[in-house]
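# Coordinate analysis (summary)
Here is how the chains run, residue by residue.
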Amino acid sequence: MTTLIPATLIPGDGIGPEIIDATLAALDALKAPFDWDRQIAGLEGVEQAGDPLPQATLDSIRRTRLALKGPLETPSGGGYRSSNVRLREEFKLYANLRPARTIIPGGRFDNVDLVVVRENLEGLYIGHEHYVQIDDDPHAVAMGTGINTRAGSRRLLEFAFEHAIAAGRKKVTLVHKANIMKALTGIFLETGLELYERKYKGKFELDTIIVDACAMKLVLNPLQFDMLVTTNLFGDILSDLVAGLVGGLGMAPGANIGADAAIFEAVHGSAPDIAGKGIANPTALLLAAALMLDHVKLTEKATRLRQALDATLNIDKVRTGDLGGKANTAAFTKALVSRIANG
Ligand code: NAI
């Protein structure tokens, strides 16, 4: 008998429940042995429990240490704090993994297959910011502090290097700006080089690059990179840049891996403009589910899911409207499930 794997399921807001249903149908077809505990968060959390991240949801993730999450709405400006940021802090989700792979050829570049690993908790995103008033201008000076620690850099780099080996990546590139921010990003670079020499030398090639040069080279020829590892702010920007190289955020999955849990999601938001219409593209969440299968070492099922997605999109040419196709979410899901069943 297969052992069930407890996992938290957060359908989320907007198109979340629609793309979660599609993903569950694919996982069922794969006989993925998840024992789901359905929970709420985001706007649904506010409406039903008065909290965008209810205690029951936190307790569930603390128990399962594994979650698949739809997009959560966050009001801009005022309102409540992003539940995504709170989840990151609560479960110390220090590594953000963003693979970018060409799925539909014919874009600007074919055969892109790279991954960005971003430090998720430190750097310039810690939020230590303030204004200084001069005379009658309360915003005369703005100040922000970044903090990177040796320990925080090392655990992220160790995760990235282990992932590189497990995923068969040949080259890892450390992205930094240590020529200008000598301490803040220098510590990350120094820790990475030292860790490689001590523990990983020969297991893959290690390279380093300054972030601005990296952005230019990615746009000119992304095929020269295999895995990029970097600090919080640079990783935020570069991971969206590489998503753009393979067709935009609609095709991009993300994993947030931490000391206490791992949470898998699509990179896009709740798409309120098309919510409830049954036309959303579930591909990004399906790819996130494939990352989740990899994470629990069900690699064969992850590969089958990716292959079925490739076949549905490129051989059967069943595509949703955002990809120029005519299929709605249900028709796309049906085609995918039949590919999984017959694959
Ligand atoms: P969005 O990603 O929701 O939408 C941008 C555009 O892409 C829209 O036109 C939308 O229809 C389209 N789109 C997005 N996903 C799609 C899909 N799967 N299939 C077809 N079309 C798709 O970004 P937006 O509008 O800036 O944010 C909406 C809400 O989502 C906000 O409240 C924001 O805070 C939240 N959000 C949540 C994220 C998360 O939970 N990880 C990430 C990004 C945004």
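Here is a short report on the structure shown in this document. Remember, it's a predicted structure, so these values are computed and weren't measured experimentally.

### As for the overall build of the protein chain
A count of helices and strands for the protein chain gives 11 helices and 12 strands. If you take every contact in the protein chain between residues at least 6 apart in sequence, the share linking residues at least 24 apart comes to 71%. When the accessible area of the protein chain is evaluated, it comes to approximately 15,700 Å², of which 53% is carbon and sulfur surface.

### Digging into the side chain of Asn232
Within the element layout of this structure, Asn232 appears in helix H8 (residues 232-245). Here Asn232 falls in the buried class, since its relative accessible area comes to 1%. Here the side chain of Asn232 touches Asn120 through a polar contact of 3.5 Å, landing on its backbone oxygen. Looking at Asn232, its side chain comes within polar contact range of the main-chain oxygen of Glu122, at 3.0 Å. When near neighbours in sequence (up to four residues on either side) are disregarded, Asn232 contacts Arg118, Glu119, Asn120, Leu121, Glu122 and Tyr125.

### Digging into H8
With 14 residues, H8 should cover 20 Å at 1.5 Å per step; its first-to-last C-alpha distance of 20 Å lies within 8% of that length. Along H8, the positions that sit buried rather than exposed are Asn232, Phe234, Gly235, Leu238, Ser239, Val242, Ala243 and Leu245. One face of H8 carries all of its buried residues, which in axial projection span an arc of 160°. For H8, the elements touching its buried residues are strand E4 (95-101), strand E5 (113-119), strand E6 (123-134), strand E8 (171-176), helix H7 (211-220) and strand E10 (227-230). Looking one or two residues beyond H8, the residue adopting positive phi is Gly247, at roughly 110°.

### With respect to helix H1 (residues 16-29)
Three or four residues apart is the spacing at which side chains of an α-helix point the same way, because the helix has 3.6 residues per turn. Compared with the 20 Å implied by 1.5 Å per residue over 14 residues, the 20 Å span of H1 between its first and last C-alpha is a close match. Turning to H1, its buried residues are Gly16, Glu18, Ile19, Ile20, Ala22, Thr23, Leu24, Ala26 and Leu27. Lining the buried residues of H1 we find strand E1 (5-10), strand E2 (34-38), strand E3 (66-69), helix H9 (283-295), helix H10 (299-315) and helix H11 (329-342). Positive phi appears at Lys31, one or two residues downstream of H1, with a value of about 55°.

### Thoughts on the packing of H1 against H11
Between H1 and H11, whose axes approach to 9 Å, the crossing angle comes to 15°. Of the possible angle classes, the one that applies to H1 and H11 is roughly parallel. Our pair here, H1 against H11, has a crossing hand that is right-handed. Two secondary-structure elements touch here, H1 through Glu18, Ala22, Ala25, Ala26 and Ala29 and H11 through Thr329, Thr333, Leu336, Val337 and Ile340.

### Focus: the environment of Lys69
Looking at the secondary structure, you find Lys69 in strand E3. On the accessibility criterion, Lys69 (2% relative accessible area) is buried. Put simply, Lys69 and Asn84 are 15 residues apart on the chain and 9.9 Å apart in space, counted from C-alpha to C-alpha. Excluding anything up to four places from it in sequence, Lys69 contacts Ile10, Asn84, Leu87, Ile263, Phe264, Glu265, Ala266 and Leu285. One polar contact links Lys69 to Glu265, side chain to side chain, over a distance of 2.8 Å.

Conventions used here
Residues numbered from 1 in each chain as written. Predicted model: local features only at pLDDT ≥ 70, side-chain atom pairs only at ≥ 80, totals over all residues. Heavy atoms only, no water. Helix = DSSP H or I, 4+ residues; strand = E, 2+ residues; numbered from the N terminus. Contact = heavy atoms within 4.5 Å. Areas by Shrake-Rupley, 256 points an atom, 1.4 Å probe, with all protein chains shown as cover. Buried < 20%, exposed > 50% of the residue type's maximum accessible area, 1.4 Å probe, protein only. Polar contact = N/O pair within 3.5 Å; in protein donor to acceptor, adjacent residues only side chain to side chain. Expected span 1.5 Å × (residues − 1). Arc of directions from axis to C-beta. Axes fitted to C-alpha atoms, helices over the stretch in contact; angles between N-to-C directions. Parallel < 35°, antiparallel > 145°, perpendicular 65-115°, else oblique. Left-handed = near helix turned anticlockwise from the far one by under 90°.

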